[in-house]
Amino acid sequence: MKKRKIGIGFGTWAWGNKLVWGYEAETDDILLKKTFFDAIDRGLDLVDSADSYGTGSLFGQGEKLIGDFLEELPKRKLKKITIATKLAPFPWRIGRNGLNKAFQESNQRLQGKMTRVQLHWSTFRYAPWQEEQLLNGLGDLYEKGLIKEIGLSNTGPKRLNFLYQKMKDRGIKINSIQVQLSLLTKPSLEDENIKNICDENEIEYLAYSPLGLGILTIPPNKYPKPKTFLRQKLFQRILPKTIELRTLIANISKKYSASQAQVALNWVRSHGAKPIVGIRTPFQAKDASSALNWSLTKSEKESLDFYRKKCIANMPQNPFTSP
Ligand SMILES: NC(=O)c1ccc[n+]([C@@H]2O[C@H](COP(=O)([O-])OP(=O)(O)OC[C@H]3O[C@@H](n4cnc5c(N)ncnc54)[C@H](OP(=O)(O)O)[C@@H]3O)[C@@H](O)[C@H]2O)c1
């Protein structure tokens, strides 16, 4: 079983910087490049992207950036990290070969260095027949030796179990599952069930948006205004209702001379999941990696669990997440 470290998410880069605010080349990319190399040097060992990060003329921009950075990464470092992307099961990508073209294009953008391909979300709620076919198609790519690992995303425990067994019958392993998990996601028995399935079958349990898009890093007495409209609305709704939770996070962070981000990441790790954190600056890369130097005590974890349950504001869930 792989050690649960921390993964780097490049999704929000493509969203926040490139899509909503327009693509600002050069300076942005230089900062992102430094962030990327710093993160890898500091032990973050999984890179997560998606073909849908960036839309319109920016389609695939997240992967393209990563591909360019990877070209400059020495082979000995490349060998130590997992390069994962997610392919979107858009309604027009149907049938067993429905993701083949998308796979080829993503792999090209990632300069042939992709190690894991993940199905971005479950189609179970609106096109249940499609999911198994698309996954079988990814299995074909695996059997042809074009991909080393397969992962799922936004899949609930019932479907995870079902799809895991189906692929196992074919002699193919599901390597990972990513779901939204943070102190701001609504507590549910499903999380426990997913964790148990992962433990039993050695599936990597990945937690996306572990900082609640950054809300958990905000001190309890602060009300910053994010740049994008969607985040402004989210922060307005959630910040006033999370003061108790963020006060506890702040108190724990002071005890360890750590940041609130580190507390949020270590809470995820204390639940047996590996956080994929969205980082944009070298400081954030350093901060995330510092979480690997310490752990929460049992009573700190339990107090955070308690205030998480008590919290009445939660992050919106991906509507496609299957049972
Ligand atoms: N499978 C899926 O459907 C799915 C969905 C969403 C995300 N993901 C993956 O998960 C990754 C991470 O999720 P996310 O970016 O949505 O959310 P996140 O990791 O919870 O939050 C990222 C935001 O937190 C802030 N931040 C990061 N490090 C910080 C630090 N040390 N101190 C203070 N603030 C910090 C940054 O905000 P500022 O920009 O304000 O600095 C950043 O944009 C994505 O990049 C993507 O790879 C997957």
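Refer to the structure presented above.
Residues numbered from 1 in each chain as written. Predicted model: local features only at pLDDT ≥ 70, side-chain atom pairs only at ≥ 80, totals over all residues. Heavy atoms only, no water.

A. Molecular detail of the overall build of the protein. Counting its secondary structure elements, the protein contains 13 helices and 8 strands. Taken against the 2.2 N^0.38 rule, which gives 20 Å for 323 residues, the C-alpha radius of gyration of the protein at 19 Å falls within 12% of a compact globule. By its C-alpha atoms, the protein is 55 × 45 × 40 Å across when sized along the principal axes. Partitioning the contacts of the protein with sequence separation of at least 6, the portion at a separation of at least 24 is 80%. Of the roughly 14,800 Å² of accessible surface on the protein, 55% is carried by carbon and sulfur atoms. Within the protein, one finds 51 positive and 32 negative side-chain charges whose respective centroids are separated by 3 Å. (Helix = DSSP H or I, 4+ residues; strand = E, 2+ residues; numbered from the N terminus. Rg over C-alpha atoms; globule rule 2.2 N^0.38 Å. Contact = heavy atoms within 4.5 Å. Areas by Shrake-Rupley, 256 points an atom, 1.4 Å probe, with all protein chains shown as cover. Lys, Arg positive; Asp, Glu negative; His and termini not counted. Charge placed at Lys NZ, Arg CZ, Asp CG, Glu CD.)

B. Molecular detail of the side chain of T85. Of note, T85 is situated in strand β3 (residues 82–87). Only 3.3 Å separates the side chain of T85 from the backbone nitrogen of A50, close enough to count as a polar contact. Those residues in contact with T85 that sit more than four places away from it in its chain are S49, A50, D51, E63, S106, L110, M114, R116, V117 and Q118. (Polar contact = N/O pair within 3.5 Å; in protein donor to acceptor, adjacent residues only side chain to side chain.)

C. Here's a closer look at the side chain of S182. By the secondary structure assignment, S182 is in the loop between β6 (176–180) and α8 (189–201). When its relative accessible area of 0% is taken as the criterion, S182 is described as buried. Residues within four places of S182 in sequence aside, it is in contact with S209, P210, G212, L216, W267, V268 and R308. (Buried < 20%, exposed > 50% of the residue type's maximum accessible area, 1.4 Å probe, protein only.)

D. How the structure looks around the site of the ligand. In the neighbourhood of the ligand, 27 residues make up the surrounding shell, with D48, L211, G278, R280 and D287 lying closest. Residue L211 places a main-chain N or O atom 2.7 Å away from an oxygen atom belonging to the ligand. About the coverage of the ligand: the protein hides 84% of its 900 Å² of free accessible area. Secondary-structure elements contributing two or more residues to the shell around the ligand are α1 (11–20), β8 (274–278) and α12 (282–290). Ranked by residues supplied to the shell around the ligand, first place goes to β8 with 3 residues. For the shell around the ligand, a count of residues per class yields 9 nonpolar, 13 polar and 5 charged. (Near = heavy atom within 4 Å. Nonpolar A, V, L, I, M, F, W, Y, C, P; charged D, E, K, R; others polar.)

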